[in-house]
Amino acid sequence: MFSMICPLYVGTLGFSGIARALCPGVRKYGPRCDLSVYSGLSSRQGGHQTRGFVMSCNDDHVWSEAPGATSDRGCISNPDAICLNSQESSYTMEKSDERTEVVLLATGSFNPITVQHLRLFELARDHLHSTGNYKVVKGIISPVSDGYKKKGLVEGPHRLSMVQLATQTSDWIKVDPWECLKKDWTETVAVLRHHQQQLVGMNNGGNLDKKSGCRKGNKRKRDNCQDVPDHNCSESRAVPQVKLLCGADMLESLGTPNLWKPEHIVEIVSSFGLVCITRIGSDAQKFIYESDVLWKYRHNIHLVQEWITNDISSTKVRRALRRGMSVRYLLPDLVLDYIKNHDLYSEESEEKNSGLILEPLVRNTKDLQ
């Protein structure tokens with residue numbers, strides 16, 4: 001009879017999982033396994049210094065061998081083979097993802113949606129992931145309603161259909177019709193609030209057992225769930241943050257008089273945050289520097305440099321379509337087919353809302369009077 005002591009670092013597999021992985025012949029632990037923890041003690045086996053957990057087992061009671069297996073009363077003949085180096089094991093253990101989850105929201109006309117609109121999402125996600133602080137879990141495109149009254153704005157159902165076609169192949173970018181189908185124009189800050197509230201609602205009740213306050217399938221008793229902190233309860237789950245995704249032109253529009261309410265700008269940059277993709281000919285950093293509000297909340301504004309420059313815009317696409325020029329590869333093929341099938345973007349459509357003032361300017365000017 002002898003005792004075999006080997007330092008083991010216990011990860012997510014637990015003792016039984018480690019033992020089975022190291023020795024297929026081991027079926028179970030017997031009643032005389034002793035687990036002790038030491039912090040100052042160190043031992044050297046095979047030239048490695050180890051610290052952590054020590055499992056001391058009497059082999060007469062611990063090891064149960066598979067039928068037909070041969071052993072010298074200890075299935076691992078070389079204890080040094082399972083002694084893990086503390087530095088190496090720290091990299092192999094899986095760590096929990098502590099990044100803040102983010103939902104990117106893009107508002108605008110999308111008249112029509114172009115490949116550049118889709119690229120904004122990819123660029124923003126790459127940038128946020130590169131910081132190591134964020135994890136983008138979803139992208140949302142929210143086309144503006146017809147009540148925006150922008151010149152040349154085709155009907156909302158057409159723009160919604162084109163965005164749906166454009167995002168068919170994406171597994172994370174989706175279109176949301178909530179804003180577009182409204183008769184009146186909805187302020188951007190209200191759209192942000194709506195989607196943030198949607199996420200809060202999903203977090204509190206979407207996949208939860210409302211009676212118990214825990215996710216369905218949780219084995220904890222209902223009475224205990226309300227009183228004892230539990231990672232499976234909704235209170236322990238962080239709600240993803242909605243951030244406004246935009247181009248440099250939209251960022252600079254924050255300085256247009258009466259187009260945005262000052263208090264809304266403050267709320268957007270302070271409570272939600274901006275992810276801005278730079279564009280040729282714009283100086284977003286200078287614009288932020290020259291704005292006291294944006295400078296104050298600059299920590300919540302992410303400027304993304306687009307190294308593969310792309311100057312595609314919906315305005316230029318509409319101009320080319322009116323002139324009978326090809327716009328293939330500037331738009332997703334399904335979107336281009338939809339435009340052709342519905343005969344969109346003609347000289348007549350470009351004159352729609354001509355002579356009207358943008359609804360934000362009308363509404364904000366009235367508020368000042």
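Residues numbered from 1 in each chain as written. Predicted model: local features only at pLDDT ≥ 70, side-chain atom pairs only at ≥ 80, totals over all residues. Heavy atoms only, no water.

- The protein chain is annotated in an unreviewed UniProt entry as Nicotinamide-nucleotide adenylyltransferase from Aquarana catesbeiana.
- Recorded in UniProt for the protein chain, the comment headed Subunit (unreviewed entry) runs: "Homohexamer. Interacts with ADPRT/PARP1."
- What UniProt records for the protein chain under Subcellular location (unreviewed entry) is the sentence "Nucleus". (UniProt positions renumbered as here; feature names shortened; annotations may be inferred.)

**Quick notes on the sheet that holds strand 10 (residues 274-277)**
In step 1: One open sheet accounts for 6 strands, arranged 6-5-4-9-10-11; its pairing is parallel. Single-partner strands in this sheet number two, and they are strand 6 (173-175) and strand 11 (301-304). Taking the axes of each pair of neighbouring strands and ignoring which way they run, one obtains an average angle of 25 degrees across the sheet.
In step 2: Here strand 9 (residues 241-247) pairs with strand 10 via 4 bridges, running parallel. (Pairing = 2+ DSSP bridges. Helix = DSSP H or I, 4+ residues; strand = E, 2+ residues; numbered from the N terminus. Axes fitted to C-alpha atoms, helices over the stretch in contact; angles between N-to-C directions.)

**Digging into the pattern of salt bridges**
In step 1: Inspection of the entire model under this criterion finds 13 salt bridges.
In step 2: Between Arg-159 and Asp-146 there is a salt bridge whose closest N-O contact spans 3.0 Å. Here the residue Arg-159 occupies a position in helix 5 (residues 156-166), and Asp-146 occupies one in the loop between strand 5 (134-143) and helix 5, the gap between them amounting to 13 residues.
In step 3: Relative accessible area serves as the criterion here: at 0%, Arg-159 is assigned to the buried category.
In step 4: Overall, Asp-146 belongs to the partly exposed group, its relative accessible area being 32%.
In step 5: In this structure, Lys-352 engages Glu-155 in a salt bridge whose closest nitrogen and oxygen atoms are separated by 3.2 Å. (Salt bridge = Lys/Arg side-chain N within 4 Å of Asp/Glu carboxyl O. Buried < 20%, exposed > 50% of the residue type's maximum accessible area, 1.4 Å probe, protein only.)

**Observations regarding the pairing of strand 10**
Here is the key point about a regular strand: its side chains alternate between the two faces of the sheet.
In step 1: Residues Leu-274 and Cys-276 line one face of strand 10 and the alternating positions Val-275 and Ile-277 line the opposite face, and both faces are buried.
In step 2: As paired elements, strand 10 and strand 11 share 4 bridges and run parallel to each other. Paired with Val-275 across the bridge in strand 11 is His-302.

**A look at the packing of aromatic side chains**
In step 1: Applying the stated criterion across every chain, the model contains 3 aromatic pairs.
In step 2: Relative to Trp-185, the ring of Tyr-148 has its centre 6.4 Å away and its plane inclined at 40 degrees; by these criteria the two rings are tilted. Note that Tyr-148 is positioned in the loop between strand 5 and helix 5 and Trp-185 in the loop between strand 6 and helix 6 (188-206), a separation of 37 residues in sequence. The pair Tyr-148 / Trp-185 is uniform in exposure class, with both members buried.
In step 3: Here the guanidinium or amino end of Arg-298 rests over the ring plane of Trp-295, the centre of that ring lying 4.0 Å away. (Phe/Tyr/Trp six-rings, centres within 6.5 Å; stacked < 30°, edge-to-face > 60°. Lys NZ or Arg CZ within 6 Å of the ring centre and 35° of its normal.)

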